[in-house]
Amino acid sequence: MANADQTVSVLHGIKALQTAVPFVAVLLAVLVLFLLYPLTDSKVTALVRETQQREAAEAAQPGA
């Protein structure tokens, strides 16, 4: 019914949807990132080196 008071179980369900469900979604996203894209020290070093090379190449281009 419209404008009816909510029961305790409904209020708990609403709270779960606002807290537990987003928490589980973020946790799954973090797990997927760690499992599918592991960052080792050597990979981070290679990515930093590649980024520095790109920035240097862009800075060396005339008109950039």
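Residues numbered from 1 in each chain as written. Predicted model: local features only at pLDDT ≥ 70, side-chain atom pairs only at ≥ 80, totals over all residues. Heavy atoms only, no water.

Draft legend 1. Main features of the overall build of the chain. The helix and strand inventory of the chain stands at two helices and zero strands. Relative to the globule expectation of 11 Å for 64 residues, the C-alpha radius of gyration of the chain, 24 Å, shows a markedly less compact shape. Oriented by its inertia axes, the alpha-carbon framework of the chain measures out at about 70 × 35 × 10 Å. Summed over all atoms, the accessible surface of the chain reaches about 6000 Å², with 67% contributed by carbon and sulfur. Placing the 4 positive and 5 negative side-chain charges of the chain at their respective mean positions leaves the two points 6 Å apart. (Helix = DSSP H or I, 4+ residues; strand = E, 2+ residues; numbered from the N terminus. Rg over C-alpha atoms; globule rule 2.2 N^0.38 Å. Areas by Shrake-Rupley, 256 points an atom, 1.4 Å probe, with all protein chains shown as cover. Lys, Arg positive; Asp, Glu negative; His and termini not counted. Charge placed at Lys NZ, Arg CZ, Asp CG, Glu CD.)

Draft legend 2. Representation of helix 1 (residues 8-36). Over its 29 residues, helix 1 extends 41 Å from the first C-alpha to the last, a length consistent with the 42 Å expected when each residue adds 1.5 Å. The largest bend in helix 1 amounts to roughly 40 degrees and is located at Ala-16. (Expected span 1.5 Å × (residues − 1). Bend = angle between axes of the 7 residues up to and from the residue.)

Draft legend 3. Seen up close, the packing of aromatic side chains. On inspection of all chains with the given rule, the structure shows zero aromatic pairs. Positioned over the ring face of Tyr-37 is Lys-43, at 5.2 Å from the centre of the ring. (Phe/Tyr/Trp six-rings, centres within 6.5 Å; stacked < 30°, edge-to-face > 60°. Lys NZ or Arg CZ within 6 Å of the ring centre and 35° of its normal.)

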